[in-house]
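Structural overview
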Amino acid sequence: MDIIVYVLIGVYALLTGIAGLHQWKENGFQIRTFLFVVISISIVVTIFLPNKALVLMLLILEFVLLHVLTVAEGLLTNKQLRYSHHIVRFIFHCILLLLVYKFIM
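Conventions used here
Residues numbered from 1 in each chain as written. Predicted model: local features only at pLDDT ≥ 70, side-chain atom pairs only at ≥ 80, totals over all residues. Heavy atoms only, no water. 1 Å grid on protein atoms, 1.4 Å probe; cavity = no way out; pocket = protein on both sides within 12 Å on 5 of 7 lines; lining within 4 Å. Points joined across faces, edges and corners; volume = space filled by probe spheres on them. Helix = DSSP H or I, 4+ residues; strand = E, 2+ residues; numbered from the N terminus. Nonpolar A, V, L, I, M, F, W, Y, C, P; charged D, E, K, R; others polar. Contact = heavy atoms within 4.5 Å. Expected span 1.5 Å × (residues − 1). Buried < 20%, exposed > 50% of the residue type's maximum accessible area, 1.4 Å probe, protein only. Polar contact = N/O pair within 3.5 Å; in protein donor to acceptor, adjacent residues only side chain to side chain. Core = buried A, V, L, I, M, F, W, Y, C linked by side-chain atoms within 4.5 Å.

Moving on to the layout of surface pockets. What the largest pocket holds in volume is close to 360 Å³. The wall of the largest pocket is formed by 16 residues, among which F36, T70, E73, H85 and R89 lie closest to the centre. For the lining of the largest pocket, the elements supplying multiple residues, two or more each, are α1 (2-27), α3 (52-78) and α4 (83-103). Looking at the lining of the largest pocket, the element that brings in the most residues is α3, giving five residues. Of the residues belonging to the lining of the largest pocket, the class tally is three nonpolar, 10 polar and three charged.

Turning our eyes to something else, we now look at the environment of T70. Secondary-structure assignment places T70 in helix α3. Distance in space between the C-alpha atoms of T70 and R32 is 8.9 Å, their sequence separation being 38 residues. What T70 contacts, discounting residues up to four positions off in sequence, is F36, H86 and R89.

This part covers α3. With 27 residues, α3 ought to run about 39 Å at 1.5 Å a step, and its terminal C-alpha atoms sit 38 Å apart, in line with that. Three or more residues of α3 are buried, namely V55, L56, L59, E62, F63, L66, H67, L69, T70, E73 and G74. Contacts from the buried residues of α3 go to α1, α2 (31-46) and α4. Its side-chain oxygen at 3.2 Å from the backbone nitrogen of A53, N51 defines the N-terminal cap of α3. A positive backbone phi angle near 65° is found at K79, which sits one or two residues after α3.

Counting residues in each nonpolar core, the largest one holds 19 residues, and the members touching the most others are I9, I43, L59, F63, L66 and V100. Here this core gets six residues from one element, more than from any other, and that element is α3.

Moving on, we get to the side chain of H86. Looking at the secondary structure, you find H86 in helix α4. Once residues within four sequence positions are removed from consideration, H86 is found in contact with H67, T70, V71 and L81.

In structure tokens:
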């Protein structure tokens, strides 16, 4: 089960990184898109760390940073927030963290 959790987190990080790169290509260099790519790479690196407690703490930090970035992205590009998107994303992150805690710790 822990392999499934790692794959799920890795695929999520990969898709987030690809979306950041795609946005970077379309809109040019912006700090927000660069940070999306950096955080997605750091998530991939984090899941390969041997210390499981450190993995959980870093994933919490990285998911919080992703939320801050998505809120900033929504406010700066769309001038509004789609609350349903952020709530679904928050629930998904909580589920991932619970899976990490349950199956990997």
